[in-house]
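# A structural walkthrough
Residue strings, one per chain:
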Amino acid sequence: GDRMMRRVFTAGAVLALACLSTSALAGEEVFTDQAETQRRVAEIQESVSELRGLPSLRSVPVMVEDPATMRERMAEEMAEQVPPEDMHAITVTWQVFGFVGPDFDLQEVYVSVLEDAVGGYFDVEEQRLVLVRRDLGAQNDVQKQMMQDMVIAHELVHGLQDQHFDLWGLSHRELGNSDVATAVQCLVEGDASYAMLYKVMPAGADPDKIRLDQLAGFMRAAGGVSSTPGGQLGDAPAILRESLIFPYIDGMVFAQAVKVKGGGWKAVDAAFASPPMSTEQILHPERYAPDGDWPMHFDAEGEGWVRGSELLGADTMGEFGVRLFFQEHTPDLGPERLGDGWDGDRYWTYEDDNGAGSLVWRTTWDTEDDATEFATAAALAL
């Protein structure tokens, strides 16, 4: 839900690291030397500021913590930002859509994934960089340094974003729409992931010339930064796993498209003033433009629509969510094709006195053919 998406902003998991450096072998822990880590952060902050084209207005405080401590912090933040009734509504929704089973514990699985997969995060509220002391599977000192630099560079970009674009304001707007929140998150994480490439690629290499859109599938399959095969992220339900990875991978593809089309980082800067408003625009960057494809919004309240049931909440799936729905239930029908043509949707989640959940899902499409194709496939999926 929208509140879940905003919570992730405060503690961004560096899942994109997996695309470049995951190893199933045990290695050494990173960020074990506090003084050396502080020195390296200060050094990288200067270079990241220069390559990203955003002046560093102030130094970013840094701290190092272990995964268990980070898990406790995440659990506390989730309890503060996502009330039990919202957590319940999300769980019932995922159950009715068929993403999870009846015994699924969202909070437990979510914090376990973060504990296993987070390499570092930028704490928006405290405006500080937090690095996680863990084994990333590095097999030598060169690889270890590269992995540490990737985490630091990624999160320092968030620090620069916060100084120039107010991440707190971006991530704490009451949107009531997870699709919009995810699209904005894709801009934030995609920008940081793409700038990270500039920091770690060999001298002379040009990230603008890499076909990231063609590599996206490989990067998604890489999983998380856990040094164990699969790990908590790999074992998590697809709806959670894909939702966590999407802003890093597809967001990076989006950031590249905006930068290349706009002729530089200033185009990415401008996107923060007018962010993408749907995951459709992330998946199809050419539709993000003043005259692009902007989604239709539904204002209906939904009260009393399902007799004998209480309305738990309403939200939007978006094209990304539609793809996940078909990937879960009818993968052979071409989820990407079935999601294309989405023009807006809204669903309302209900629960009766016996705990049985139900949904009303309303969608609108670019053409009659798109709508018919979706309806036919959704009937098969259900």
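Before any of the text, the structure's been laid out above.
Calculation rules
Residues numbered from 1 in each chain as written. Predicted model: local features only at pLDDT ≥ 70, side-chain atom pairs only at ≥ 80, totals over all residues. Heavy atoms only, no water. Helix = DSSP H or I, 4+ residues; strand = E, 2+ residues; numbered from the N terminus. Contact = heavy atoms within 4.5 Å. Areas by Shrake-Rupley, 256 points an atom, 1.4 Å probe, with all protein chains shown as cover. Pairing = 2+ DSSP bridges. Axes fitted to C-alpha atoms, helices over the stretch in contact; angles between N-to-C directions. Expected span 1.5 Å × (residues − 1). Buried < 20%, exposed > 50% of the residue type's maximum accessible area, 1.4 Å probe, protein only. Core = buried A, V, L, I, M, F, W, Y, C linked by side-chain atoms within 4.5 Å. Parallel < 35°, antiparallel > 145°, perpendicular 65-115°, else oblique. Left-handed = near helix turned anticlockwise from the far one by under 90°. Nonpolar A, V, L, I, M, F, W, Y, C, P; charged D, E, K, R; others polar. Salt bridge = Lys/Arg side-chain N within 4 Å of Asp/Glu carboxyl O. 1 Å grid on protein atoms, 1.4 Å probe; cavity = no way out; pocket = protein on both sides within 12 Å on 5 of 7 lines; lining within 4 Å. Points joined across faces, edges and corners; volume = space filled by probe spheres on them.

### Focus: the overall build of the chain
Summing up its helical and strand segments, the chain has 17 helices and six strands in all. Long-range pairs, those at least 24 residues apart, make up 79% of the contacts in the chain with a sequence separation of at least 6. Accessible surface for the chain amounts to roughly 16100 Å². Of this, 50% is attributable to carbon and sulfur atoms.

### Some details on the sheet that holds strand S2 (residues 120–123)
Strand order across the open sheet formed by three strands is S1-S3-S2, with mixed pairing between neighbours. Both edges of this open sheet fall to strand S1 (62–65) and S2, since each of them pairs with a single strand only. In this sheet, neighbouring strand axes are inclined to one another by 25 degrees on average, regardless of whether the strands run parallel or antiparallel. Relative to strand S3 (residues 128–132), S2 runs antiparallel, the two sharing four bridges.

### Here we look at helix H5 (residues 84–96)
Look at H5: 18 Å from first C-alpha to last across 13 residues, which is about the 18 Å you get at 1.5 Å a residue. Regarding H5, the residues found buried are Met-87, Ala-89, Ile-90, Thr-91, Val-92, Thr-93 and Trp-94. Phi turns positive, to about 85 degrees, at Gly-98, one or two residues after H5.

### Description of the nonpolar core
Formed by 93 residues in total, the largest nonpolar core has its most connected members in Trp-94, Phe-99, Leu-131, Phe-325 and Phe-326. Here this core gets 11 residues from one element, more than from any other, and that element is helix H12 (residues 238–262). Excluding residues that lie within four positions of it along the chain, Leu-131 makes contacts with Phe-31, Thr-37, Val-41, Val-62, Met-63, Val-64, Glu-65, Gly-119, Gly-120, Val-151 and Ile-152.

### A look at the environment of Leu-233
Within the element layout of this structure, Leu-233 appears in helix H11 (residues 231–235). We classify Leu-233 as buried; its relative accessible area is 2%. Remark: the alpha-carbon pair of Leu-233 and Ser-112, spanning 121 residues in sequence, is separated by 8.4 Å.

### Comments concerning the packing of helix H4 (residues 67–81) against helix H6 (residues 106–117)
Between H4 and H6, the least distance of the axes is 9 Å, while the angle of their chain directions is 140 degrees. On the basis of their axis angle, the class for H4 and H6 is oblique. Where H4 crosses over H6, the handedness of that crossing is right-handed. When H4 is examined against H6, the residues Pro-67, Ala-68, Met-70, Arg-71, Met-74, Ala-75 and Met-78 are found in contact with a partner set consisting of Gln-107, Glu-108, Tyr-110, Val-111, Ser-112, Leu-114 and Glu-115.

### A short note on the packing of helix H3 (residues 34–52) against helix H9 (residues 178–200)
At a minimum axis distance of 10 Å, the contact between H3 and H9 shows a crossing angle of 105 degrees. Taken as axis vectors, H3 and H9 run roughly perpendicular relative to one another. Taken together, the residues of H9 that come into contact with H3 (itself represented by Ile-44, Ser-47, Leu-51 and Arg-52) are Asp-191, Ala-195, Tyr-198 and Lys-199. Broken down by class, the residue content of the contact of H3 with H9 amounts to four nonpolar, one polar and three charged.

### Focus: the sheet that holds strand S6 (residues 357–365)
Sheets are built from strands that pair by backbone hydrogen bonding, the pairs being arranged parallel or antiparallel. A sheet is described by the order of its strands in space; here three strands give the open sequence S4-S5-S6, paired in antiparallel fashion. The two strands at the open ends of the sheet, each matched to only one other strand, are strand S4 (309–315) and S6. Here the strands of the sheet are splayed against their neighbours by 20 degrees on average, with no regard to which way each runs. The strands that helix H15 (residues 318–329) touches are strand S5 (342–352) and S6; relative to S5, the one it contacts most, it runs at about 65 degrees.

### Things to note about the pattern of salt bridges
The full count for this structure, using the stated rule, is 20 salt bridges. For Arg-211, the salt bridge goes to Asp-213, with nearest N and O atoms at 2.8 Å. When its relative accessible area of 40% is taken as the criterion, Asp-213 is described as partly exposed. A salt bridge links Arg-323 to Glu-319; the nearest nitrogen and oxygen atoms lie 3.8 Å apart. Of this pair, Arg-323 and Glu-319 both sit in helix H15, four residues apart, which is roughly one turn of that helix. As far as the burial class goes, Arg-323 and Glu-319 line up, both buried. Connected via shared salt-bridge partners are Glu-36, Arg-39, Arg-40, Glu-43 and Asp-149.

### Side note on the layout of surface pockets
Taken as a whole, the second largest pocket spans an internal volume of roughly 250 Å³. Looking at the second largest pocket, it is lined by 14 residues, and the ones nearest its centre are Val-258, Lys-261, Tyr-288, Ala-289 and Pro-290. Element by element, the count of residues in the lining of the second largest pocket is highest for H12, at four residues. In the lining of the second largest pocket, the residues fall into 10 nonpolar, two polar and two charged.

### Overview of the pairing of S2
Covered by surrounding structure in S2 are Gly-120 and Phe-122 together with Tyr-121 and Asp-123, the residues of both alternating faces. Between S2 and S3, which pair antiparallel and follow one another directly, the connecting turn spans four residues, one of which, Gln-127, has a positive phi of 55 degrees.

### Some remarks on unusual backbone geometry
What is expected of a backbone is that most residues other than glycine have negative phi and most peptide bonds are trans. Although it is not a glycine, Phe-31 adopts a positive phi angle of roughly 60 degrees. Assignment of secondary structure puts Phe-31 in the loop between helix H2 (18–21) and H3. Positive phi is not limited to glycine here, since Asp-166 has a value of about 60 degrees. If you trace the backbone, Asp-166 turns up in the loop between helix H7 (141–165) and helix H8 (167–171).

Fair warning: the whole summary comes from geometry, so function is off the table for now.
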